[in-house]
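Architecture at a glance
So the chains spell out like this:
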Amino acid sequence: MPGPRATRQLLAEAVRRLAASGVESPDHDARRLLAHVLGVDPSRLPLVETVPGEQVAALESLVARRATREPLQHLTGVAFFRHVEIRVGPGVFVPRPETELLAGWAVEQAADLAEPVVVDLGTGSGAIAKAVAYEVPTARVHAVELDERAHAWAVRNLAGTGVDLRQGDLGTAFDDLAGQVDVVVSNPPYIPHDAWESVAVEVRDHDPELALYATGDGLDTIRVVESRAALLLRPGGSVGVEHADVQGESAPAVFSATGRWEQVRDHEDLAGRARFVTARLAR
C-alpha cells in the first residue's frame, strides 16, 4: 500500500494522467474522485493537506479506470441533475448537463399551473421526472421506461417522490391519461446508427444503445413522441423534446408538418447549439 501523500501533489498527478488520456475535464474529475474517496464535498478539499495511504490507493485505482474513459458518474455512483442527485451505473444513461435546460423548461411550464399533470416519456434514470417532482411539489408526475435495467435504476431514484413510474413502451404508454396531460417532456434516443463514431467514448462504450440510437434519420423516436404527446395532452398543453445539435431544423419540422401544433420553437443549450424543441397542442 502506498504511503500518505500531499493532497496538492496527488491531485496534480491525477490531473496529468486524466488529461493525457483525453478526458475533457481532468481537473474537475480528479477533484470529484478524490472527494468521493475521502467522503467530503469537493469544496472542502483545500482543507485536506495529506491523503492517507489507503485513500491514495483507492484514488489511483479510480483514476486508472477513468483514464480508460469509464464515466465519472459510474465511478462515484451519482450524477448531479439540477437540484437532485441521481444514482447511476451500468445499464442506464447518465443524465447530461444540457438536459437540465429541457427539465428547467418543463418545471417552468408546470409551475404556472395549479395542479399540473406531467409525463416523462423514456425517463431512463428518472432524472427529469425527479427534478420536476422536486421543484413543483403540486405536480402529478408520471414516467415510463422500456429497458428493464434502466427501469430498475429509475425505481431507486424515484422512490419516495410520488412519481407514477411504469415499465413499457413510450409509444403506447398512459392511455388512461389521454387528453388530461399539461406537459409532456422527453429525452428520447436520436443518434442515427451511422453517426456512432462521433459519440464520446464514455457515452458510446458505456451508455445503453437503446437510450442513444434511433433508426433511420435519427428522428423516428421523436416522431413517436410527437404522436403520443398529441394523444396525451389537453388542448393548449405543451411538449418538449431533446434532439441532436444537427437536428435544429429537422426536429421542429416533425411537429410543424402535422399541422396540430402551435408555437413550434427550437432552443439552444449553453454552448449555443440547437438542443430541444417545444410546441403547444392547438386548441
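Reference entry: report on the structure contained in this document. Keep in mind it's a predicted model, so treat the numbers as computed, not measured. (Residues numbered from 1 in each chain as written. Predicted model: local features only at pLDDT ≥ 70, side-chain atom pairs only at ≥ 80, totals over all residues. Heavy atoms only, no water.)

1. Things to note about the packing of helix 1 (residues 7-20) against helix 2 (residues 26-38)
It is the contact of helix 1 with helix 2, at a shortest axis distance of 8 Å, that shows an interaxial angle of 130 degrees. Relative to helix 2, helix 1 is oriented oblique. Where helix 1 crosses over helix 2, the two elements pack in a sense that is right-handed. Contacts between helix 1 and helix 2 involve Thr7, Leu10, Leu11, Ala14, Val15, Leu18 and Ala19 from the first element and Pro26, Asp27, Asp29, Ala30, Arg31 and Leu34 from the second. (Axes fitted to C-alpha atoms, helices over the stretch in contact; angles between N-to-C directions. Helix = DSSP H or I, 4+ residues; strand = E, 2+ residues; numbered from the N terminus. Parallel < 35°, antiparallel > 145°, perpendicular 65-115°, else oblique. Left-handed = near helix turned anticlockwise from the far one by under 90°. Contact = heavy atoms within 4.5 Å.)

2. Thoughts on the sheet that holds strand 5 (residues 117-121)
Pairing is mixed across the open sheet formed by seven strands, whose spatial order is 7-6-5-8-11-13-12. Looking at the sheet topology across the chains shown, the edges are occupied by strand 7 (164-167) and strand 12 (261-268). Along the sheet, successive strands turn relative to each other by an average axial angle of 15 degrees, direction set aside. With six bridges joining them, strand 12 and strand 13 (residues 274-281) adopt antiparallel strand pairing. Within strand 13, the position partnered with tryptophan 261 by the bridge is leucine 281. (Pairing = 2+ DSSP bridges.)

3. Considerations on the pairing of strand 4 (residues 84-87)
Only one face of strand 4 is covered, namely the one carrying Val84 and Ile86; the face carrying Glu85 and Arg87 has none of its residues buried. Two elements, strand 3 (residues 78-81) and strand 4, share four bridges in a ladder whose sense is antiparallel. Directly across from phenylalanine 81, in strand 4, lies its bridge partner valine 84. Counted between consecutive antiparallel strands, the loop separating strand 3 from strand 4 contains two residues, among which arginine 82 sits at a positive phi close to 50 degrees. (Buried < 20%, exposed > 50% of the residue type's maximum accessible area, 1.4 Å probe, protein only.)

4. Considering the environment of serine 25
Tracing the backbone shows serine 25 in the loop between helix 1 and helix 2. Overall, the relative accessible area of 31% leaves serine 25 in the partly exposed class. Sequence separation between serine 25 and valine 119 is 94 residues, and the spatial gap between their C-alpha atoms is 34 Å.

5. Some remarks on helix 10 (residues 220-232)
The periodicity of an α-helix, 3.6 residues per turn, causes residues three or four positions apart to be oriented the same way. In a regular helix each residue adds 1.5 Å, so 13 residues correspond to 18 Å; helix 10 covers 19 Å between its end C-alpha atoms and thus fits that length. Among all positions in helix 10, only Thr221, Ile222, Val225, Glu226, Arg228, Ala229, Ala230 and Leu232 are buried. (Expected span 1.5 Å × (residues − 1).)

6. Side note on the packing of aromatic side chains
Evaluation of the coordinates by the stated rule reveals one aromatic pair. Seen in terms of ring centroids, phenylalanine 255 and tryptophan 261 are 5.5 Å apart; in terms of plane orientation they differ by 75 degrees. Their pairing is edge-to-face. The class for phenylalanine 255 is buried, based on a relative accessible area of 1%. Its guanidinium or amino end placed over the ring of phenylalanine 93, arginine 96 lies 4.6 Å from that ring's centre, counting from NZ or CZ. (Phe/Tyr/Trp six-rings, centres within 6.5 Å; stacked < 30°, edge-to-face > 60°. Lys NZ or Arg CZ within 6 Å of the ring centre and 35° of its normal.)

7. Let's talk about the pairing of strand 13
Within strand 13, seven of the eight residues are buried, which leaves the element mostly enclosed by the surrounding structure. Linking strand 12 back to strand 13 in an antiparallel pair, the connection comprises five residues, with glycine 272 at a positive phi of about 80 degrees.

8. Concerning the pattern of salt bridges
Evaluated as defined, the whole model comprises 14 salt bridges. Aspartate 27 serves as the salt-bridge partner of arginine 31, at 3.3 Å between the closest nitrogen and oxygen. Taken together, the residues span about one helical turn, with arginine 31 and aspartate 27 both in helix 2 at a distance of four residues. Between aspartate 269 and arginine 275 there is a salt bridge whose closest N-O contact spans 3.3 Å. Per residue, the accessibility class of aspartate 269 equals that of arginine 275, and both read buried. (Salt bridge = Lys/Arg side-chain N within 4 Å of Asp/Glu carboxyl O.)

9. What to know about the packing of helix 1 against helix 3 (residues 53-67)
For the pair helix 1 and helix 3, the least separation of the axes is 9 Å and the interaxial angle reads 15 degrees. Overall, the two elements helix 1 and helix 3 adopt an arrangement that is roughly parallel. In the crossing of helix 1 with helix 3, the sense of the turn from one axis to the other is right-handed. From helix 1, Leu10, Ala14, Arg17 and Leu18 reach across to helix 3, where they touch Val56, Leu59, Glu60, Val63, Ala64, Arg66 and Ala67. Here the contact of helix 1 with helix 3 is composed, by residue class, of eight nonpolar, no polar and three charged. (Nonpolar A, V, L, I, M, F, W, Y, C, P; charged D, E, K, R; others polar.)

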